[in-house]
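One-letter residues, chain by chain:
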Amino acid sequence: MKIIDLRSDTVTRPTDAMRKAMFNAEVGDVVMGDDPTVNDLERMGAELFGKESCLFTASGTMSNQVAVLSLCNSGEQIIVHNKSHMYNLEVAGLGRVCGVQPRPIEAVNGEYNLKDLEENIIQPAIQTAPTTLICIENTFDLNKGLVVSKKHIDDVCKLAHKYGIPVYMDGARVLNAAIALGISPKKLCENVDMVSVCLSKGLGCPIGALLAGNKKDIEKAKFMRQMLGGGWRQGGVIAAAGIVALKNLNRLSEDHEKAQNLGKKLKALGFGVDLNQVQTNIINIDLSSFDIEAKAFCQILSKFNVKAKPIGLNNIRMITHMDVTFEELDRVEEAVKATIKELDFYRYKD
Ligand SMILES: *Cc1c(COP(=O)(O)O)cnc(C)c1O
């Protein structure tokens, strides 16, 4: 029986159309600048975000590091969400690779308190590490996939720019945000200085991310990508899948519908699911009304051929994506019911 893997949208496999495009890709040498397929993908990426230039990188993590290396110098300070990927899940790359000091600030549902943000902008002085970058993440929180509004992004940009500080958006899933908001990625990102997006999540590519910004910054980013070992040679083989993906962005809305559908099913079974917070393709599920730990729950669930990701003691995450059909969500529901039965944990805590 097919395993339904809801741990992440990164598990999506390249489609037949992508594999064909990869097979037939025209290629050159990326470092020498003459891979036509990579050049095409980068042009499409620049257009998508309404920026002058774009760079194809190996991953979202690489894009983040390259962005910081391009916009900041060692010994400076950058503001990040305390729950951001950049701060929590990049093996301390901000410190070790970029040489910057991250200043983590709380952001409720991905929104900084603007006064708090302004007070945390550090000016150059004899004892300080000056703030030279403000980062935002959209969608926010990889265990929730919350959409950050255009207004908030614009407010942050306005404040940052008042101090001459650029804004970088870690937009691994920014296309999900744009679709949920019903506005173009270009409009959504019009005021941010640099933005990245993963091609290897909901869009289904095997590998890759894009980083878009102005010409000067992306020119520098090219050097930084090279330094990190991201100067591919015949990268067109990979970029070809990205081109197929960018022509089919609207497919992401289907993942959002699936998440709502599955979220409702789980809520009806007694799980803690806040449907207002199922804004894109991610469902955060609180198990605390059942007497069971997340890890144990996922272990049993996997026996019924469904995989979910434990996040913390009592929460699990399910992400819907293109390799799971609407019909298969019924199978997920059955597997969850079977798990409850097996555990015999109908015992609700009061
Ligand atoms: C997935 C993700 C990344 C990292 O992308 P990789 O391609 O896995 O390196 C960075 N930031 C956010 C918000 C993500 O969700």
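Residues numbered from 1 in each chain as written. Predicted model: local features only at pLDDT ≥ 70, side-chain atom pairs only at ≥ 80, totals over all residues. Heavy atoms only, no water.

1. Description of the environment of Met 62
Along the chain, Met 62 falls in helix H3 (residues 60-71). Separated by 54 residues in the primary sequence, Met 62 and Asp 116 have C-alpha atoms spaced 29 Å apart. In this view, Met 62 contacts Thr 57, Arg 225, Leu 228, Gly 229 and Gly 230; residues no more than four positions away in its chain are not counted. (Helix = DSSP H or I, 4+ residues; strand = E, 2+ residues; numbered from the N terminus. Contact = heavy atoms within 4.5 Å.)

2. Considerations on the site of the ligand
All residues adjacent to the ligand are Ser 59, Gly 60, Thr 61, Asn 64, His 85, Glu 90, Glu 137, Asp 170, Ala 172, Arg 173, Cys 198 and Lys 201. In the environment of the ligand, an oxygen atom lies 2.8 Å from a nitrogen or oxygen atom belonging to the backbone of Gly 60. For the ligand, the accessible surface in isolation is 380 Å², of which the surrounding protein chains cover 86%. The element best represented in the shell around the ligand is H3, accounting for three residues. Residue composition of the shell around the ligand, by class: two nonpolar, five polar and five charged. (Near = heavy atom within 4 Å. Polar contact = N/O pair within 3.5 Å; in protein donor to acceptor, adjacent residues only side chain to side chain. Areas by Shrake-Rupley, 256 points an atom, 1.4 Å probe, with all protein chains shown as cover. Nonpolar A, V, L, I, M, F, W, Y, C, P; charged D, E, K, R; others polar.)

3. Thoughts on helix H7 (residues 150-162)
Under the 1.5 Å per step criterion, the end-to-end length of H7 is 18 Å for 13 residues, consistent within 8% with the ideal 18 Å. Where H7 is buried, its residues touch strand E6 (111-112), helix H6 (114-119), strand E7 (131-137), strand E8 (167-170), helix H8 (174-181) and helix H9 (185-188). Downstream of H7 by one or two residues, Gly 164 has phi in the positive range, about 75°. (Expected span 1.5 Å × (residues − 1).)

4. Thoughts on the nonpolar core
Buried together is how nonpolar side chains tend to be arranged in soluble globular proteins. Core analysis: the largest hydrophobic core is formed by 54 residues, its most contacted members being Phe 49, Tyr 112, Ile 134, Val 174, Leu 175 and Val 192. Element by element, the count of residues in this core is highest for helix H11 (residues 236-246), at seven residues. Setting aside chain neighbours within four positions, we find Val 174 in contact with Phe 49, Asn 138, Thr 139, Met 169, Leu 188, Cys 189, Val 195, Ser 196 and Val 197. (Core = buried A, V, L, I, M, F, W, Y, C linked by side-chain atoms within 4.5 Å. Buried < 20%, exposed > 50% of the residue type's maximum accessible area, 1.4 Å probe, protein only.)

5. A few points about the sheet that holds E7
Taken together, seven strands build an open sheet; the order of strands is E2-E10-E9-E8-E7-E3-E4 and the sheet is mixed. The sheet terminates laterally at strand E2 (53-57) and strand E4 (101-105), the two strands that pair on one side only. The mean inter-strand angle of the sheet, taken between neighbouring strand axes irrespective of direction, is 20°. Across five bridges, E2 lies against strand E10 (residues 209-213) in antiparallel orientation. Within the sheet, the bridge partner assigned to Ser 53 lies in E10 and is Gly 213. (Pairing = 2+ DSSP bridges. Axes fitted to C-alpha atoms, helices over the stretch in contact; angles between N-to-C directions.)

6. Some remarks on the packing of helix H13 (residues 294-303) against helix H14 (residues 326-343)
When two helices pack together, you describe them by how their axes are tilted relative to each other and by the distance separating the axes. Between H13 and H14, the least distance of the axes is 9 Å, while the angle of their chain directions is 120°. Judged by the sense of rotation from one axis to the other, the crossing of H13 with H14 is right-handed. Each of Phe 297, Ile 300, Leu 301 and Lys 303 in H13 lies in contact with H14, whose residues at this interface are Ala 335, Val 336, Thr 339, Glu 342 and Leu 343. Of the residues belonging to the contact of H13 with H14, the class tally is six nonpolar, one polar and two charged. (Left-handed = near helix turned anticlockwise from the far one by under 90°.)

7. Let's talk about the sheet that holds strand E11 (residues 282-286)
Judged by pairing direction, the sheet is antiparallel, and its three strands sit side by side in the order E11-E14-E13 without closing on themselves. Each edge of the open sheet carries a strand with a single partner, namely E11 and strand E13 (309-310). As paired strands, E11 and strand E14 (residues 315-319) are joined by five bridges and run antiparallel to one another. When the sheet's bridge partners are listed, Asn 284 is paired in E14 with Arg 317. Where H13 meets the sheet, it contacts E13 and E14, and its direction lies at approximately 45° from that of E14.

8. What about the side chain of Ser 70?
With respect to the helices, strands and loops of the structure, Ser 70 is situated in helix H3. The class of Ser 70 is buried, set by a relative accessible area of 6%. Side-chain polar atoms of Ser 70 contact the backbone oxygen of Val 66, separated by 2.6 Å. Polar side-chain contacts of Ser 70 include one of 3.5 Å to the backbone nitrogen of Ala 221. Among residues more than four places away in sequence, those in contact with Ser 70 are Met 194, Asp 217, Lys 220, Ala 221 and Met 224.

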